[in-house]
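Chain residues, written in single-letter form:
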Amino acid sequence: MKSLFLCLAALLFILSNEACQPNRKEQSYMTTSVFGKLPDNREVLQYTLTNRTGVSMQVINYGAIITSLRVPDRTGKIEDVVLGYDSLQGYVDGTTYFGAIVGRYGNRIGKGKFQLDGKQYQVTINDGENHLHGGKVGFNKVLWQAKVVSSSAEPALELQYISKDGEEGYPGNVTLKVTYTLTDKNELRISYEGTTDQPTILNPTQHSYFNLSGSFANTILDHVMTIEADRFTPVDKGLIPTGQLAEVANTPLDFRMPTAIGTRINDPFEQLTFGKGYDHNWVLREGGGQVRKAVELYEPKSGRLMTVYTDQPGMQFYTGNFLDGTAHGKNGVAYQRRTGLCLEAQAFPDTPNKPQFPSVTLKPGQVYRQTTIYQFSTK
Ligand code: BGC
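Let us look at the structure shown here. Given the structure is predicted, the values throughout are model-derived calculations rather than measurements.

With respect to spatial proximity, 13 residues lie near the ligand, and among them Arg108, His207, Tyr209, Asp279 and Glu344 are the closest. Here an oxygen atom of the ligand and a side-chain polar atom of Glu344 are 2.7 Å apart. Here the ligand loses 94% of its free accessible area of 310 Å² to cover by the protein chains. Spatially, the ligand is embedded in the second largest pocket. Classifying every residue of the shell around the ligand by side-chain character gives five nonpolar, five polar and three charged.

What follows is about the packing of aromatic side chains. Taken as a whole and assessed by the stated rule, the structure comprises 22 aromatic pairs. Ring plane angle 50° and centroid distance 6.2 Å describe the contact between Tyr278 and Trp282, whose orientation is recorded as tilted. Of the two residues examined, Tyr278 and Trp282, each falls in the buried class. One aromatic cluster is present, built from ring pairs that chain together Phe35, Tyr85, Tyr91, Phe98, Tyr209, Phe216, Tyr318, Phe322 and Tyr335. The ring of Phe255 is capped by Arg264, whose NZ or CZ atom sits 4.8 Å from the centre of that ring. The residue whose ring lies beneath Lys379 is Tyr298, and the NZ or CZ to ring-centre distance is 4.6 Å.

A separate point is empty space enclosed by the protein. Vacant regions in the atomic arrangement are exposed by a probe of water-molecule size rolled over the atoms. The tally for this structure, following the rule as stated, stands at one cavity of 30 Å³ or more. Of the residues that constitute the lining of the largest cavity, the class distribution is six nonpolar, four polar and one charged.

Inside soluble globular proteins, nonpolar side chains tend to come together where they are buried. Grouped together as the largest cluster of nonpolar side chains are 57 residues, with contacts concentrated most on Trp144, Tyr180, Ile261 and Phe317. Counting residues per element, this core draws most heavily on strand β13 (residues 174–182), which supplies five residues. The next biggest cluster of nonpolar side chains, apart from the first, holds 19 residues, and it includes Leu38, Val44, Leu88 and Tyr91.

In this model, the largest pocket occupies a volume close to 570 Å³. Forming the boundary of the largest pocket are 27 residues, of which Asp311, Gln312, Pro313, Pro358 and Ser359 lie nearest the centre. Elements that contribute at least two residues to the lining of the largest pocket include exactly β18 (229–233), β21 (279–284) and β27 (368–378). Here the lining of the largest pocket is built from residues that sort into 12 nonpolar, eight polar and seven charged. In this model, the second largest pocket occupies a volume close to 390 Å³. In terms of lining, the second largest pocket is formed by 22 residues, of which the most central are Thr95, Thr96, Tyr209, Tyr318 and Phe322.

What counts, and at which threshold
- Residues numbered from 1 in each chain as written.
- Predicted model: local features only at pLDDT ≥ 70, side-chain atom pairs only at ≥ 80, totals over all residues.
- Heavy atoms only, no water.
- Near = heavy atom within 4 Å.
- Polar contact = N/O pair within 3.5 Å; in protein donor to acceptor, adjacent residues only side chain to side chain.
- Areas by Shrake-Rupley, 256 points an atom, 1.4 Å probe, with all protein chains shown as cover.
- 1 Å grid on protein atoms, 1.4 Å probe; cavity = no way out; pocket = protein on both sides within 12 Å on 5 of 7 lines; lining within 4 Å.
- Sits in = over half its atoms within 2 Å of the grid points.
- Nonpolar A, V, L, I, M, F, W, Y, C, P; charged D, E, K, R; others polar.
- Phe/Tyr/Trp six-rings, centres within 6.5 Å; stacked < 30°, edge-to-face > 60°.
- Buried < 20%, exposed > 50% of the residue type's maximum accessible area, 1.4 Å probe, protein only.
- Lys NZ or Arg CZ within 6 Å of the ring centre and 35° of its normal.
- Points joined across faces, edges and corners; volume = space filled by probe spheres on them.
- Core = buried A, V, L, I, M, F, W, Y, C linked by side-chain atoms within 4.5 Å.
- Helix = DSSP H or I, 4+ residues; strand = E, 2+ residues; numbered from the N terminus.

Everything listed here is a matter of coordinates, which is why it stays silent on function.
Okay, here's the thing in structure tokens:
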């Protein structure tokens, strides 16, 4: 009798334990750990989001930075496809914007000057004579407030940052919420929502550097890309748009058909000389404000395919031209030139000084919204 009782108890224990430990591959989940401490002792947390298929991403509440994104190749092998650092110190000291949300203004504002409602503003100059990615302490260098979105069946993390009136020279108190969702369709869905209490400008974007090969010893030159754009915004030497929209036809910026990135990157074409490679804004085909396909990026050896969808008018495509081996990333790997590429959905650079470009002005009572999706599959 006693042994029967013990057997039953053991069976019950096993069953209840199984129930607590479901097959993790069939359930999405989120875990949290301490990533490090800022110089002022504030703690930085890392969130790991895993979806039902086993795809995972890690995000820290410093800079809303994506520190890893692990997706399968065509044989099912899961590997990290974004550049980054092993420790918080790397992100605190780094100048590359790895994985971060940049803002208030993604990309450049000529001489850091713009006018709004007849008032002249001067924002921080931090790139030659221009303003870049929000200034000295942009959204990539601040602590955000993170909240797990419990109402979502798929793992989702909401990050919020309140940028004070006058920060880096920008007017108005701006509240920006960014939600990262890892869907069961292997998409990283990023939704933005911003408000202000004074007229201001807002143009945030995501600055992950992708390398789909599975090894950061490889460059991205053999990645094959298609961009849904017939025009781009030519730039001057300081990478400020001239204001024209130029046809991509008959230029090395024509990615209307799938083309390996390395095929024309060193062509003697003035725009490529100015950018030291690709570092330009493509004018995406009109989408009426709806989310539509913008880019396909394919890495032939691993078979990984990334498709980018966005509701934004522009896509900055940057080939990591300024990486020079000085940034030592994950596992101590020195990231060489062109080991990662960025696809930054946003409005056009220097829009505040180009009335003909889609507006980035945000007024009290209005809500800034953006949806951008990076979807992973294989072929
Ligand atoms: C810009 C590059 C800049 C890089 C910084 C990109 O978005 O287009 O010009 O050097 O960010 O990491």
